[in-house]
Amino acid sequence: MIDFLVTKLHDAHFMTMLLAAIAVSATAYTLILPLLAGESLDKRMKAVASERERIRARERERLSRTEKVSLRQTPKQLVSKVVEDFNLTKWLAIPVKIGICLAAAFLGLQAPMLFLKNAISKRQLSIRRAFPDALDLLLICIESGMSIEIAFRRVSVEIVSQSIALSEEFTLTTAELSYLQDRKVAYENLAKRTGLEGVKSVCLALMQSERYGTPLGQSLRVMAQENRDMRMNEAEKKAAALPPKLTVPMILFFLPVLFIVILGPTGIKVAAMMK
């Protein structure tokens, strides 16, 4: 079999016929193939066109049934488009967070100061209310022959039930009068710690008495009366400011109830007559 094939391959006449047959078959295939492909391409194009028309009709029907197409954009659409383009929601969230941080920082800085001012005001109010009585006790102790240190110590014990803050200040002043070389410094420290004008006046009188040897009883008596008058004036001022403060609560709460009580029976009678 192999020898036969080798013999045919070396035969020039057989090889010429074989190559001629292959060339004719290739030529025929080349000529027929475009005709076959054209028929399949036409069928495919027709299928695509029919599918396109079917999809277009379906979409047109859906739009006519559920949507109204408008070429002009409504203001809402324009606003939403601007918001989407500039991402305003994100930028708005950022200023809100910054504002919250700034507000928290401001409150954190101001809260200790407000707490301290409130504590100072309460302490000064307690000292201001009890100081005239303390001066009376101090006057009694001095006129009985006690020294200024013993008088301050005695008054600090007696006044503690009325004002703890004033008792603490008098106790500290007693210690400073005992250990400081200059009594003037103790009186100045008392005036600085309290920050009240009445206390400063009494401390000034005590310093003048220490320096010039003037009688201390008369000065304390005058200072006690002045502080008592100041306390009374403050109470009268608060009492005078009370009517304007009660105006709004009276309008909101008292007058409606008063009108209901006065006009209620009349309204009931009128309603009964109308029926």
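First, a word on scope: everything that follows refers to the structure included in this document. (Residues numbered from 1 in each chain as written. Predicted model: local features only at pLDDT ≥ 70, side-chain atom pairs only at ≥ 80, totals over all residues. Heavy atoms only, no water.)

## Focus: the overall build of the protein
Which entries qualify depends on this criterion: For the purposes of this entry, the term helix denotes a DSSP run of H or I that reaches at least four residues, the term strand denotes a run of E that reaches at least two, and both are numbered from the N terminus. Three exposure classes are used, based on accessible area relative to the maximum for each residue type with a 1.4 Å probe and protein chains only: buried under 20%, partly exposed in between, and exposed over 50%. Throughout, a residue-residue contact means that at least one pair of heavy atoms, one from each residue, lies within 4.5 Å.
Of regular secondary structure, the protein possesses 10 helices and 0 strands. Going from the N terminus to the C terminus, the protein shows its helices and strands as α-α-α-α-α-α-α-α-α-α. By the burial criterion, 17% of the 275 residues in the protein qualify as buried. Considering only contacts in the protein between residues 6 or more positions apart, those separated by 24 or more positions represent 54%.

## A look at the nonpolar core
Under the convention used in this document: To qualify as a nonpolar core, a set must consist of buried Ala, Val, Leu, Ile, Met, Phe, Trp, Tyr and Cys residues joined through side-chain atoms within 4.5 Å.
Counting 33 residues, the largest nonpolar core has Ile-148, Phe-152, Leu-166, Phe-170, Tyr-187, Leu-206 and Leu-220 as its most contacted members. Breaking this core down by element, the ones donating at least two residues are helix H4 (88-143), helix H5 (148-158), helix H6 (164-179), helix H7 (183-194), helix H8 (197-212) and helix H9 (216-240). Non-local contacts of Phe-170, meaning those with residues more than four positions away in its chain, are made with Phe-131, Ala-134, Phe-152, Val-155, Ser-156 and Leu-190.

## Here's the deal with empty space enclosed by the protein
For clarity, the cut-off: For each structure, a 1 Å grid was placed over the protein atoms alone; sets of points admitting a 1.4 Å probe that cannot get out are labelled cavities, open sets with protein on both sides within 12 Å along at least five of seven lines are labelled pockets, and lining residues have an atom within 4 Å of a point. Grid points are joined across faces, edges and corners, and a volume is the space filled by probe spheres set on the points. Amino acids outside the nonpolar list (Ala, Val, Leu, Ile, Met, Phe, Trp, Tyr, Cys, Pro) and the charged list (Asp, Glu, Lys, Arg) are all regarded as polar, and Gly is one of them.
Counted according to the given criterion, the structure contains 1 cavity of 30 Å³ or more. Approximately 40 Å³ is the volume found for the largest cavity. Around the largest cavity, the lining residues are Phe-131, Leu-135, Leu-138, Phe-152, Phe-170, Leu-190, Val-199, Val-202, Cys-203 and Leu-206. If you list the elements that add at least two residues to the lining of the largest cavity, you get H4 and H8. The dominant element in the lining of the largest cavity, judged by the number of residues it contributes, is H8, at 4 residues. Of the residues that constitute the lining of the largest cavity, the class distribution is 10 nonpolar, no polar and no charged.

## Some remarks on the pattern of salt bridges
As a reminder of what qualifies: The term salt bridge refers to a side-chain nitrogen of Lys or Arg lying within 4 Å of a carboxyl oxygen of Asp or Glu.
Evaluated as defined, the whole model comprises 12 salt bridges. For the salt bridge of Glu-51 with Arg-54, the shortest nitrogen-to-oxygen distance reads 2.2 Å. Of this pair, Glu-51 and Arg-54 are both found in helix H2 (residues 12-66), 3 residues apart, which corresponds to roughly one turn of the helix. Taking relative accessible area as the criterion, Arg-54 reaches 46% and is therefore assigned partly exposed. With a shortest N-O distance of 3.0 Å, Glu-169 and Arg-123 are connected by a salt bridge. Residue Glu-169 is found in helix H6, and its partner Arg-123 is found in helix H4; the two are separated by 46 residues along the sequence. What makes Arg-123 partly exposed here is its relative accessible area of 32%. One network of salt bridges, in which partners are shared, links Arg-123, Glu-168, Glu-169, Glu-176 and Arg-193.

## Some remarks on the packing of H6 against H7
Selection criterion: Interaxial angle, 0 to 180 degrees, is taken between N-to-C directions of lines fitted to C-alpha atoms, where a helix line uses only the stretch in contact. Any angle between 65 and 115 degrees counts as roughly perpendicular, while under 35 counts as roughly parallel, over 145 as roughly antiparallel, and the rest as oblique. In this scheme the crossing of two helices becomes right-handed for a clockwise turn of the near helix relative to the far one and left-handed for an anticlockwise turn of less than a right angle.
Remark: H6 packs on H7, axes separated minimally by 9 Å, with the N-to-C direction vectors making an angle of 160°. Comparing the axis directions of H6 and H7 gives the class roughly antiparallel. Of the two possible hands of crossing, H6 and H7 adopt the one that is right-handed. Contacts between H6 and H7 involve Glu-169, Phe-170, Leu-172, Thr-173, Glu-176 and Leu-177 on the former and, on the latter, Arg-183, Ala-186, Tyr-187, Asn-189, Leu-190, Arg-193 and Thr-194. Tallied by class, residues from the contact of H6 with H7 come to 6 nonpolar, 3 polar and 4 charged.

## Considering the side chain of Glu-149
Inspection of the secondary structure assignment puts Glu-149 in helix H5. For Glu-149, the residues in contact, after removing those within four places along its chain, are Thr-174, Leu-177, Ser-178 and Arg-183.

## Focus: the packing of aromatic side chains
The description of an aromatic ring pair uses the distance of the two centres, along with the angle that the planes make with each other. How we decide: Here a pair means two rings of Phe, Tyr or Trp (six-membered ring of Trp) with centres within 6.5 Å. Their orientation is stacked below 30 degrees between planes, edge-to-face above 60, and tilted elsewhere.
Enumeration according to the criterion identifies 1 aromatic pair in this entry. A ring pair is formed by Phe-152 and Phe-170, whose centres lie 5.0 Å apart and whose planes are at 85°; its orientation type is edge-to-face. Residue Phe-152 is located in helix H5, and its partner Phe-170 is located in helix H6; the two are separated by 18 residues in the primary sequence. Accessibility assignment for this pair places Phe-152 and Phe-170 in one class, buried.

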